[in-house]
Amino acid sequence: MRTSALARIVIVALTLALGLLGCGQKDGQDVRATSPSPAEDPSSQPPTMPLAPPAHSGSLSYLDGVWAVTANLTEADEPALADAVIPASGEWELVVMGDSMTVHLGDLRYEGLLTPEGEGWSYFGFVTGSSETGEMLTGTLKFRGTLTGDDAFSGSAVQSVDAAADRPAYTAHWELTGVRQP
């Protein structure tokens, strides 16, 4: 008999405690069991997939891959230096992984980083190599690009190469069009 009275007291105390705590209600608000409207139910909405993330998102993963680029020389410091630019016009190859990019320009291999900028991106890369006589060369490549389609872009670049004993320093300006490779 003592046990059943004790059990009743415990049950009444638990019931009162749960009633006072509100059984999970917060700040005294009523909790109603309702089903979401079709507009609020994400499972009723068709999935949407943007072609590329907005430029302000900071992610450049939409550029990942290999790009074939046609580069056209538009300006050099002096007309005589145009012959020193390797190559004067032609194909470049870009390899993009995340925010890093490697640019293969003839025998030169630039390594650098991509950064979101406006509606597109910018790139800043460095190269070190040697001239035909074995002297060390260093250079920079800066460019800006903007998507013109899902797998195409256009842009412009500025390439600077330091002087070597057998060749002067130069700065060249390029117009670029690129196509993603399968």
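For every chain, the first residue of the written sequence is number 1, and numbering continues from 1 onward in sequence order. For a predicted model such as this one, the threshold for reporting local features is a pLDDT of at least 70, and the threshold for listing and counting side-chain atom pairs is 80 or more; totals across whole chains, interfaces and linings nevertheless cover every residue. Water and hydrogen atoms were dropped before computing side-chain values, which therefore reflect all heavy atoms in the structure.

Caption draft 1: How the structure looks around the overall build of the chain. When you go through the chain residue by residue, the secondary structure sums to 1 helix and 8 strands. By definition, any uninterrupted DSSP run of H or I lasting at least four residues is a helix, any uninterrupted run of E lasting at least two residues is a strand, and each is numbered from the N terminus. If you list the helices and strands of the chain from N to C, you get α-β-β-β-β-β-β-β-β. In this scheme, a residue with accessible area under 20% of its type's maximum is buried, one over 50% is exposed, and one in between is partly exposed, where area comes from a 1.4 Å probe on protein chains only. Across the 182 residues in the chain, those meeting the buried criterion constitute 26%. Residue contacts are counted whenever heavy atoms from the two residues lie within 4.5 Å of one another. Counted over contacts in the chain with a minimum sequence separation of 6, partners at least 24 positions apart contribute 47%. Here the chain displays about 12,000 Å² of accessible surface, and carbon together with sulfur accounts for 59% of that area. Surface exposure here means Shrake-Rupley accessible area, sampled with a 1.4 Å probe, where a residue is shielded only by the protein chains that are shown.

Caption draft 2: Region of the structure containing the pattern of salt bridges. In the sections that follow, a salt bridge refers to a side-chain nitrogen of Lys or Arg positioned within 4 Å of a carboxyl oxygen of Asp or Glu. As enumerated under the stated definition, the model contains 3 salt bridges in all. Glu111 is paired through a salt bridge with Arg109; the nearest N and O atoms lie 2.6 Å apart. With relative accessibility at 36%, the residue Glu111 sits in the partly exposed group. The closest approach of N and O atoms between Asp151 and Arg180, which form a salt bridge, is 2.6 Å. Pair noted here: Asp151 is in the loop between β6 (136–149) and β7 (152–161) and Arg180 is in strand β8 (residues 170–180), with a separation of 29 residues, a long-range link.

Caption draft 3: Representation of the confidence of the model for the chain within the structure. Values of pLDDT, which run from 0 to 100, indicate the predictor's confidence residue by residue. Per-residue pLDDT for the chain averages 74, and the proportion of residues at 70 or more is 58%. Contacts for the low-pLDDT stretch residues 42–56, under 50 throughout, to residues beyond four places or in other chains number 12 contacts.

Caption draft 4: Structural view of empty space enclosed by the protein. Think of a 1 Å grid over just the protein atoms. A cavity is a set of points where a 1.4 Å probe fits yet cannot get out, a pocket is an open set with protein on both sides within 12 Å along at least five of seven lines, and lining residues have an atom within 4 Å of a point. Grid points are joined across faces, edges and corners, and a volume is the space filled by probe spheres set on the points. Overall, the coordinates contain 1 cavity of 30 Å³ or more when judged by the stated rule. Every residue lining the largest cavity is listed: Leu63, Trp67, Leu94, Val96, Met101, Trp121, Phe143 and Phe153.

Caption draft 5: Spotlight on the environment of Leu176. Its place among the elements puts Leu176 in strand β8. Through-space distance from the C-alpha of Leu176 to that of Ala71 is 4.7 Å; in sequence the pair is 105 residues apart. Setting aside residues up to four positions removed in sequence, Leu176 forms contacts with Val69, Thr70, Ala71, Trp92, Phe143, Phe153, Ser154, Gly155, Ser156 and Ala157.

Caption draft 6: Here's a closer look at the packing of aromatic side chains. Pairing of aromatic rings covers Phe, Tyr and Trp, the last through its six-membered ring, and needs centres within 6.5 Å; plane angles under 30 degrees mean stacked, over 60 mean edge-to-face, and all others mean tilted. Applying the stated criterion to the full structure yields 6 aromatic pairs. Consider the rings of Trp92 and Trp174, whose centres lie 5.2 Å apart with planes at 70 degrees: the pair is edge-to-face. Of this pair, Trp92 sits in strand β2 (residues 89–97) while Trp174 sits in strand β8, and the two are 82 residues apart along the sequence.

Caption draft 7: Up close: the pairing of strand β5 (residues 120–130). Pairing between strand β4 (residues 108–117) and β5: 7 bridges, direction antiparallel. Along β5, the bridge assignment pairs Leu113 with Phe124. Note on pairing: two strands pair once DSSP finds at least 2 bridges between them. Between the antiparallel neighbours β4 and β5 lie 2 residues, among them Gly118 with a positive phi of about 55 degrees. Here β5 runs beside β6; their pairing, made up of 10 bridges, is antiparallel. Residue pairing for β6: Val127 is matched across the bridge by Gly139.

Caption draft 8: Structural detail: the side chain of Thr102. For Thr102, the position within the fold is in strand β3 (residues 100–105). Among the polar contacts listed, one links the side chain of Thr102 to the side chain of Glu111, at a separation of 2.9 Å. Sequence-distant contacts of Thr102, that is, excluding residues within four places in its chain, are made with Glu93, Leu94, Val95, Arg109, Tyr110 and Glu111. In the analysis that follows, any N or O atom pair within 3.5 Å is treated as a polar contact, provided that within protein one partner can donate a hydrogen and the other can accept it, and provided that, for residues neighboring in sequence, both atoms belong to side chains.

Caption draft 9: Quick peek at the nonpolar core. Take the buried Ala, Val, Leu, Ile, Met, Phe, Trp, Tyr and Cys residues and link them wherever side-chain atoms come within 4.5 Å; each set so joined is a nonpolar core. In terms of nonpolar packing, the biggest core is built from 28 residues, with Trp92, Tyr110 and Phe143 touching the most fellow members. Broken down by secondary-structure element, the contributors of at least two residues to this core are β1 (65–76), β2, β3, β4, β5, β6, β7 and β8.

Caption draft 10: Inspection of the pairing of β3 at higher detail. Sheet topology note: the β3/β4 ladder contains 6 bridges and is antiparallel. Among the inter-strand pairings, Val103 is bridged to a residue of β4, identified as Tyr110. Between β3 and β4, which follow one another and run antiparallel, lie 2 residues, and Gly106 among them has a positive phi close to 60 degrees.

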